[in-house]
Amino acid sequence: MNRLFDENGYLNISEIVENHPSYKTIMEDGIVTDSELKEQSERTIKSLRRLQDLCNEEQQSAILDAISEMGVLFTTYNTYQLQELTKDI
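Thresholds applied
Residues numbered from 1 in each chain as written. Predicted model: local features only at pLDDT ≥ 70, side-chain atom pairs only at ≥ 80, totals over all residues. Heavy atoms only, no water. Helix = DSSP H or I, 4+ residues; strand = E, 2+ residues; numbered from the N terminus. Buried < 20%, exposed > 50% of the residue type's maximum accessible area, 1.4 Å probe, protein only. Salt bridge = Lys/Arg side-chain N within 4 Å of Asp/Glu carboxyl O. Lys, Arg positive; Asp, Glu negative; His and termini not counted.

Draft legend 1. Broad picture of the environment of Met-27. Looking at the element boundaries, Met-27 is found in helix 2 (residues 21-27). Exposure remark for Met-27: the relative accessible area of 30% places this residue in the partly exposed category. For the pair Met-27 and Glu-57, spaced 30 residues apart in sequence, the C-alpha separation works out to 35 Å.

Draft legend 2. Summary view of the pattern of salt bridges. In this structure the tally under the stated criterion is 2 salt bridges. Notably, a salt bridge pairs Glu-42 with Lys-38, separated by 2.5 Å at the nearest N-O pair. Taken together, the residues Glu-42 and Lys-38, both in helix 3 (residues 34-54) and 4 residues apart, mark about one turn of the helix. The closest approach of N and O atoms between Glu-84 and Lys-87, which form a salt bridge, is 3.0 Å. Taking the relative accessible area as the measure of exposure, Lys-87 reaches 57% and is therefore exposed.

Draft legend 3. The arrangement of the side chain of Glu-36 in detail. You can see Glu-36 is positioned in helix 3. As a buried residue without a salt bridge, Glu-36 has its nearest oppositely charged side chain in Arg-43, at a separation of 7.8 Å.

Given below as structure tokens:
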């Protein structure tokens, strides 16, 4: 089973994503198509609905908080990277 953190205590999301069958399938040819994005969106929604069905309200709250914080990290990291790219312009 994949673990959220590696043996050094670092978040292991990159490795988890890179080794996930959906990612491997999509990236097999190195091109992401509209249909692959649509299919991945559908898989994501199905997975989240499954979590909603399996988890009680407290568990759902914890999951939502973790997903939200990951989204904030992803968005702010990308914003930071764009800022760094435009510093020299």
